[in-house]
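Geometric and topological summary
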Amino acid sequence: MFVDHFKATNFRCFDNVECEFSRYLNVVYGNNGSGKSNFLEAIFYVLQGNGFRTKKDSYLLKYNAPFLRTEAKFTSQSIEKTVSVAWEKEAGKKITINGRENEKTASLFEECNVIIMTPATPELVKGGPEHRRKFIDRIHAKENPAYLSILNKYSITFRTRNLLLRRRLSNPHDKDMYSTLTHNIRNLSKIIQSERKNTIMQMQEVFFNICEQLNLPSLKNIRIMYAPSPIDAIDEYQLMQKEIQRGTSLIGSHLDRLSLRRDSRSLRIYGSEGEQKITAFVLKLCEFYFLETRTKNVPIVMLDDFQSELDNDNFNKMLAFIRPKAQIFLTSLHHEVVDNPDKVFKVENEEVHGEV
Amino acid sequence: MSYFTPGYQRSIEEFNKLPGVGPKSAEKLTDYFLKLKPELFEQFLYVLNTMREQVHPCKNCFNLTEGEVCSICSDITRNKEIVCVVEKAKDIAAIEKTGSYKGVYHVLEGSLNPLNGIGPESIRIEELFERIKKFSFKEVVLALNFSQSGDLTCMYIIHQLQNFPIKITRLASGIPTGSDIEFADAKTLQAAFKGREKIEIED
């Protein structure tokens with residue numbers, strides 16, 4: 001998919017921005033603090049319905065502005081579409097896709113494929129297992145939208161269960177409700193764990209193939225290890241006592257362990273900084289491959305300050321992997337970061353200017 | 001800043017509290033009532049007052065009635081061995097229109113949503129269990145919405161009734177009659193696949 005035309009009003013530091021993009025490599029450059037990432041986030045916002053650095057819309061609003069609005073014309077599977085996402089304090093978020101008003105963020109998630117790589121991406125390896133669970137879940141939900149509704153159900157069950165546990169099951173019907181929710185969380189966990197297992201098995205194969213293609217032999221023996229949290233065979237009474245004591249759910253797929261290992265040693269602990277970074281970016285390339293092949297809709301790739309995280313050789317290899325297929329937005333301090341960019345934008349004084 | 005007189009503005013604000021009535025509609029309604037002939041306005045108030053005085057929940061099933069029990073509970077031809085559980089009294093009207101259900105009902109007056117402070121004590125769920133204990137129902141049909149809170153309410157009822165010798169069923173979900181498969185969303189289609197039925201070939 002490609003974004004051809006984009007417009008934003010009152011988004012972060014920008015009053016008004018309007019741009020025509022190239023369908024290939026777009027370089028966005030400017031000094032530190034000029035608003036390159038804000039510009040990228042504005043494009044991300046109109047395609048996904050939320051920012052990549054914050055989920056709070058109010059943080060994206062320009063200071064003292066009454067509302068924010070972003071709109072884009074994009075082409076997905078050869079069909080031209082329009083989308084707009086607006087937000088104001090009283091009315092909340094309003095998403096319109098192809099003239100259909102009051103659409104949900106989930107519809108944007110289904111409609112638009114976007115991959116973002118930022119300096120925070122290595123958290124996928126360096127951070128806790130929740131980053132990796134979310135990563136795997138997101139990829140699978142793209143292929144199977146019904147999985148998203150399973151995850152939503154799980155999240156509500158989990159939050160409701162925690163609410164009861166925090167008040168120590170003190171209300172008259174809490175124990176009955178707790179028991180129903182325990183049953184629910186087990187059933188949903190079984191589905192989630194089975195789906196995660198399948199996706200991870202496929203992911204391992206894709207990871208290996210991409211390492212071969214990019215000539216990264218040192219990463220080829222990295223394994224994605226999945227240890228589903230046990231959900232059965234736990235004494236019910238003991239579990240309840242323990243959960244009341246801790247005030248949180250101690251069973252369920254939110255406790256699944258997902259790690260990257262080389263020779264059974266965790267990359268999170270024993271991997272070098274560079275290894276962790278490259279592995280994280282290769283995982284994002286796996287996501288690109290999954291989305292491209294499973295949804296038949298080539299994702300837009302956003303690279304925020306990407307080259308500062310990698311050496312030249314790896315940066316060029318990874319860019320070469322996606323450049324022939326996808327529309328790319330790359331932010332950098334200098335416009336000569338790559339050879340022959342298709343379009344260059346300069347961000348300066350809270351404005352964006354296209355350059356030939 | 002309001003451009004209306006205080007009385008007019010108060011009326012707009014009151015109408016605005018009604019479900020489905022936005023500020024513009026509230027203005028239209030206020031204007032309508034302001035211009036309504038006095039005898040028609042009195043009649044309107046009388047109808048509303050009478051409705052408030054006379055309409056109340058049935059003591060058995062919590063359907064709306066003007067007597068002690070509703071017309072369905074007092075109908076001796078209804079099958080008293082099957083109870084259909086609904087969220088709102090309005091759902092009964094929708095089911096009755098189908099003409100395909102001849103049992104009795106139980107209105108929960110809501111569905112469980114503990115995150116919004118609606119627990120079992122806030123709805124008529126204990127009354128349902130009391131009825132099931134007291135009367136010899138053979139089947140409970142759960143006709144609750146296919147929403148997060150509807151699903152949770154179903155799960156809760158199923159869980160609480162697991163030791164009762166009673167058949168529990170839930171309405172099927174899937175593709176609406178007369179609609180095209182190509183326009184169905186993924187979740188609906190998935191539910192339709194899950195609930196597909198075996199077709200018996202008759203001789």
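Source: prediction; values computed, not measured.

**Comments concerning the overall build of chain B**
When helices and strands are tallied, chain B shows 7 helices and 6 strands. The C-alpha radius of gyration computed for chain B amounts to 22 Å, which surpasses the reference 17 Å derived for 203 residues by more than 25%, pointing to a less compact arrangement than a globule. Counting over 203 residues, chain B shows a buried share of 33%. Counting every atom, chain B has about 13800 Å² of accessible surface; 56% of that belongs to carbon and sulfur. Charge separation in chain B, taken as the distance between the mean sites of 25 positive and 28 negative side-chain charges, equals 1 Å.

**Thoughts on the packing of aromatic side chains**
Residues and elements named next belong to chain A. Per the counting criterion, the structure on display carries 21 aromatic pairs over all chains. Between the aromatic rings of Phe281 and Phe306, the centroid separation amounts to 4.8 Å while the plane-to-plane angle is 90 degrees, which identifies the pairing as edge-to-face. On the criterion of sequence distance, the pair formed by Phe281 in helix H9 (residues 273-295) and Phe306 in the loop between strand S12 (300-304) and helix H10 (312-322) is long-range, its members being 25 residues apart. We classify Phe281 as buried; its relative accessible area is 0%. Over the ring of Phe109 we find Lys142; its NZ or CZ atom is 4.4 Å from the centre of that ring.

**Remarks on the packing of helix H6 (residues 174-213) of chain A against H9 of chain A**
Packed helix pairs are characterised by how far apart their axes lie and by the angle those axes make with each other. Residues and elements named next belong to chain A. For the pair H6 and H9, the least separation of the axes is 9 Å and the interaxial angle reads 110 degrees. The orientation of H6 relative to H9 falls into the category roughly perpendicular. Handedness of the crossing formed by H6 with H9: right-handed. The segment H6 lies against H9, with Thr199, Gln202, Met203, Val206, Phe207, Ile210 and Cys211 engaging Thr279, Val282, Leu283, Leu285, Cys286, Tyr289, Phe290 and Arg294. The residue inventory of the contact of H6 with H9, partitioned by class, reads 11 nonpolar, 3 polar and 1 charged.

**Description of the sheet that holds strand S11 (residues 265-266) of chain A**
All names here are of chain A. The strand order S9-S10-S11 describes an open sheet built from 3 strands, whose pairing is antiparallel. What marks the edges here is a single partner per strand, and that holds for strand S9 (222-227) and S11. Pairing between S9 and strand S10 (residues 257-262): 6 bridges, direction antiparallel. Residue pairing for S10: Ile224 is matched across the bridge by Leu260. In this fold H6 packs onto S9 and S10, with an angle of close to 175 degrees to the strand it touches most, S9.

**Some points on the domain arrangement of chain A**
The extent of an interface is frequently quoted as the accessible surface area lost upon association of the parts. Residues and elements named next belong to chain A. Its domain assignment divides chain A into domain 1 (1-113 + 298-356) and domain 2 (122-296). One C-alpha centre belongs to domain 1, the other to domain 2; they are set 28 Å apart. Each partner contributes residues to the interface: domain 1 has 20 residues there, and domain 2 has 21 residues. Looking only at domain 1, the three residues that lose the most surface to domain 2 are Phe109, Met318 and Phe321, adding up to 33% of its buried area. Counting across the domain 1 and domain 2 interface gives 2 salt bridges.

**Digging into a nonpolar patch on the surface**
All names here are of chain B. A cluster of nonpolar side chains, contributed by Phe44, Leu45, Leu48 and Met51, occupies part of the molecular surface with about 320 Å² of accessible area. Relative to the assigned elements, Phe44 resides in helix H3 (residues 38-54). In this structure Phe44 comes out as partly exposed when scored by relative accessible area, which is 37%.

**A look at the interface of chain A and chain B**
Across the boundary between the two partners, chain A contributes 18 residues, which contact 16 residues of chain B. Counting each side, the surface lost to burial between chain A and chain B is near 1700 Å², with a carbon and sulfur contribution of 68%. At the junction of chain A and chain B, the tally comes to 1 salt bridge. The partner of Lys153 of chain A in a salt bridge is Asp151 of chain B, with the nearest N and O atoms 3.6 Å apart. Counting the contacts that link chain A with chain B gives 1 residue pair in polar contact (both at pLDDT 80 or more). Among the secondary structure elements, those contributing two or more residues to the side of chain A that touches chain B are helix H5 (145-166) and H6 of chain A. When residues in the side of chain A that touches chain B are grouped by element, the largest group, 9 residues, is from H5 of chain A. When its residues are assigned to classes, the side of chain A that touches chain B shows 6 nonpolar, 9 polar and 3 charged.

**Thoughts on the pattern of salt bridges**
Two side chains that carry opposite charge are able to pair once their charged atoms sit near each other. Residue and element names in this part refer to chain A. A full pass over the atoms with the stated rule returns 37 salt bridges over all chains. The closest approach of N and O atoms between Asp313 and Lys317, which form a salt bridge, is 3.7 Å. Pair noted here: Asp313 and Lys317 are both in helix H10, with a separation of 4 residues, about one helical turn. In the salt-bridge network here, residues are joined through shared partners; they are Arg186, Lys190, Asp232 and Glu236.

**Some remarks on the pairing of strand S4 (residues 67-76) of chain A**
All names here are of chain A. Pairing of strand S1 (residues 2-11) with S4 involves 7 bridges; the strand directions are antiparallel. Of the residues in S4, the one forming a bridge with Phe2 is Thr75. Hairpin connection from S4 to strand S5 (residues 79-88): 2 residues lie between these consecutive antiparallel strands, with Gln77 at a positive phi of about 50 degrees.

Thresholds applied
Residues numbered from 1 in each chain as written. Chains lettered and ligands numbered in written order. Predicted model: local features only at pLDDT ≥ 70, side-chain atom pairs only at ≥ 80, totals over all residues. Heavy atoms only, no water. Helix = DSSP H or I, 4+ residues; strand = E, 2+ residues; numbered from the N terminus. Rg over C-alpha atoms; globule rule 2.2 N^0.38 Å. Buried < 20%, exposed > 50% of the residue type's maximum accessible area, 1.4 Å probe, protein only. Areas by Shrake-Rupley, 256 points an atom, 1.4 Å probe, with all protein chains shown as cover. Lys, Arg positive; Asp, Glu negative; His and termini not counted. Charge placed at Lys NZ, Arg CZ, Asp CG, Glu CD. Phe/Tyr/Trp six-rings, centres within 6.5 Å; stacked < 30°, edge-to-face > 60°. Lys NZ or Arg CZ within 6 Å of the ring centre and 35° of its normal. Axes fitted to C-alpha atoms, helices over the stretch in contact; angles between N-to-C directions. Parallel < 35°, antiparallel > 145°, perpendicular 65-115°, else oblique. Left-handed = near helix turned anticlockwise from the far one by under 90°. Contact = heavy atoms within 4.5 Å. Nonpolar A, V, L, I, M, F, W, Y, C, P; charged D, E, K, R; others polar. Pairing = 2+ DSSP bridges. Domains from an automatic or database assignment. Buried area = accessible area lost by both parts, 1.4 Å probe. Salt bridge = Lys/Arg side-chain N within 4 Å of Asp/Glu carboxyl O. Patch = residues over 30% accessible without salt bridge, like charges linked within 9 Å, V, L, I, M, F, W, Y side chains within 5 Å. Polar contact = N/O pair within 3.5 Å; in protein donor to acceptor, adjacent residues only side chain to side chain.

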